[in-house]
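What follows is each chain in one-letter form.
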Amino acid sequence: MQPSPTHRASFSIGSEIAAKRVVDVLNEVFFEGDAAVAAFEQPNGQWDVALHFADAPDQAWLRELIATSAGIEFVDTLAFDTIEAKDWVKASLEDLVPVPAGRFVVHGSHDRDRVAPNKLAIEIEAALAFGTGHHGTTRGCLLLLDHVLKSSRPRNLLDLGTGTGVLGIAAAKALHRAVLASDIDPASVRVAAENASLNEVGHHVRLICATGFAAPDFGRCGPFDLVLANILANPLRQLAGPMTAHLAPGGRVILSGLLTHQAPAVIAAYRARGLVPLKHLRIEGWSSLLLRKLS
C-alpha cells in the first residue's frame, strides 16, 4: 500500500539557543507520534525548525503556538507544505553517485562495479544517510586522511564518533592496521560493525559504545598517532582536553562536523592545548581541520 504524504510546517529562527528552546517546548506540547520536531543549522548560521505531521495540522492553532513559543515575529516565516510519499531509499540511490576523495571512493552497492581498481572502495548504503561520503564533512575528513597517509603511516588510530564507520573503514583499508572506533549511539555501533564486515575490514575495526573518552579502551589502545573525529563544533571544543591527553607526541587529529564560521573557535581550543593547525579544508560551507600535537 502506498504510504500517505507527510504534512510539514517550518519556520526560521535566528539563534541556536532560541531554536533549541522552541524545539523543547514543541516536543512537550505534542504527544509522541503526533509530530516530529527538529532544528537544523544552515551554512549562513540561520536555524530552521520543522514539524512533520501524518495528518494536516490546524494552521491557525499552530500559528498561535509558534507565536507563543518562538515569538510573534517568527510567525511570518511559517510555511506549510506537503511532502509526497515515495521510496526515499530508492530515490537516494538513483541520485547517489560514487564520491572520490583522494585515493578513496565512497559508493553504494549499486555502483560497486564503477569504482576504478586503483582506488580504495568504501561501500556505504544510501539508506544510512549521514556518513555516506556525500556530506562535505565526511569528504573533507577523507581528503585530509589521504593527505596524512602520503607522508606517514600512523600505527595507533581512533575514529571517534564513527557513525556509519566510513572513516575507520577508510583508515583500516589504507593501512591494514587496527582501528578503534567509538560512538555514543548503540545503533550506530551496530551499523558501523556491519559496514566494516561488508568492506572486509571487520577484523581490523574494533567498535565500542562510549561517550567521549570515558571508556577504559581509550587508555589501553592509546596514545593515538591519528584521531579522526567528525562530530560537531561544541563537542569538539569540549573534547579538546581529553583528546590532547590521548594523543601521542607528534600525533595528528582530523576534526570536522563544524560550519566554516565555527572553525576559529575550535582551532583556538586545540591551539591552547599545544596543537597547531596544519590544513583547513572548506567544502560546501563546512570545515575540516588537520592539527598536530607538538609534544
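Our structure's up above, just so we're on the same page.
Caption draft 1: Expanded view of the overall build of the protein. Of the regular secondary structure elements, the protein holds 10 helices and 14 strands. By residue count, 46% of the 295 residues in the protein fall in the buried class. Considering only residue pairs separated by 6 or more positions, the protein has 65% of its internal contacts joining residues 24 or more positions apart. Here the protein displays about 14400 Å² of accessible surface, and carbon together with sulfur accounts for 54% of that area.

Caption draft 2: Here's a closer look at the sheet that holds strand 14 (residues 286-293). The 7 strands are arranged 10-9-8-11-12-14-13 in an open sheet whose pairing can be described as mixed. Looking at strand neighbours, the two that pair on one side only are strand 10 (205-209) and strand 13 (275-283), the edges of this open sheet. The average angle at which neighbouring strand axes cross in this sheet is 15 degrees, direction not considered. Bridge count for strand 8 (residues 157-160) against strand 11 (residues 224-230) is 4 bridges, and the pairing is parallel. In the strand pairing of strand 11, Leu-157 is matched with Leu-226. Set on the sheet, helix 4 (residues 136-149) makes contact with strand 11, strand 12 (247-259), strand 13 and strand 14; between it and strand 14 the angle comes to about 35 degrees.

Caption draft 3: Examining helix 10 (residues 263-271) more closely. All of the buried residues along helix 10 are Ala-263, Val-266, Ile-267, Ala-269 and Tyr-270. For helix 10, the arc enclosing every buried residue in end-on projection is 160 degrees, short of the 170-degree limit, so these residues lie on one face. Of the surrounding secondary structure, the elements contacted by the buried residues of helix 10 are helix 8 (233-238), helix 9 (240-245), strand 12, strand 13 and strand 14.

Caption draft 4: Focus on the packing of helix 4 against helix 5 (residues 166-175). As a packed pair, helix 4 and helix 5 sit with axes 10 Å apart at the nearest point and diverge in direction by 25 degrees. Judged by the inter-axis angle, helix 4 sits roughly parallel to helix 5. As for the relative orientation of helix 4 and helix 5, their crossing is right-handed in sense. Between helix 4 and helix 5, the residues in contact are Thr-138, Cys-141, Leu-142, Leu-145 and Leu-149 and Val-166, Leu-167, Ala-170, Ala-171, Ala-174 and Leu-175, respectively. In terms of residue class, the contact of helix 4 with helix 5 is made up of 10 nonpolar, 1 polar and no charged.

Caption draft 5: Structural view of the environment of Ala-215. Structurally, Ala-215 can be placed in the loop between strand 10 and helix 7 (216-221). Here Ala-215 is in contact with Ile-208 and Ala-210, once residues within four sequence places are set aside.

Caption draft 6: Local environment of the environment of Asp-185. In this structure, Asp-185 sits in the loop between strand 9 (179-183) and helix 6 (186-198). Along the primary structure Asp-185 and Ala-210 are separated by 25 residues, whereas in three dimensions their C-alpha atoms are 8.0 Å apart.

Caption draft 7: Looking closely at the nonpolar core. With 30 residues, the main nonpolar core has Phe-104, Ile-122, Leu-142, Leu-145 and Ile-254 as its most contacted residues. If you list the elements that add at least two residues to this core, you get strand 6 (104-107), helix 4, helix 5, strand 9 and strand 11. The biggest single contributor to this core is helix 5, with 8 residues. Formed by 28 residues, the second largest nonpolar core is a distinct cluster that contains Leu-158, Ala-215, Phe-224 and Ala-263.

Rules used throughout
- Every residue gets a number counted from 1 within its own chain, in the order that chain's sequence is written.
- A pLDDT threshold of at least 70 governs which residues receive local features in this predicted model, and a stricter bar of 80 or more applies before side-chain atom pairs are shown or counted, although totals over entire chains, interfaces and linings include all residues.
- Only hydrogens and water are removed before side-chain values are computed, so all heavy atoms of the structure are retained for them.
- Only DSSP runs of H or I reaching four residues or more are called helices, and only runs of E reaching two or more are called strands; each is numbered from the N terminus.
- Burial classes: relative accessible area under 20% of the type maximum marks a residue as buried, over 50% as exposed, and values in between as partly exposed (1.4 Å probe, protein chains only).
- The contact criterion used is simple: two residues touch if any of their non-hydrogen atoms lie within 4.5 Å.
- Per-residue and other accessible areas follow the Shrake-Rupley method at a 1.4 Å probe size, with only the shown protein chains counted as cover for residues.
- Pairing between strands is defined by DSSP: at least two bridges between them are needed.
- Between the N-to-C directions of two axes lies an angle of 0 to 180 degrees, each axis being a line fitted to C-alpha atoms and, for a helix, fitted only over the stretch in contact.
- By construction, the arc corresponds to the directions joining the helix axis to the C-beta atoms.
- Just so you know how the angles are binned, under 35 degrees is roughly parallel, over 145 roughly antiparallel, 65 to 115 roughly perpendicular, and the rest oblique.
- For any pair of crossing helices, the crossing counts as left-handed if the nearer helix is rotated counterclockwise from the farther one by less than a right angle, and right-handed if it is rotated clockwise.
- Each residue receives one of three labels: charged for Asp, Glu, Lys and Arg, nonpolar for Ala, Val, Leu, Ile, Met, Phe, Trp, Tyr, Cys and Pro, and polar for the others, Gly being one of them.
- Among buried residues, those of type Ala, Val, Leu, Ile, Met, Phe, Trp, Tyr and Cys that are joined through side-chain atoms within 4.5 Å constitute a nonpolar core.

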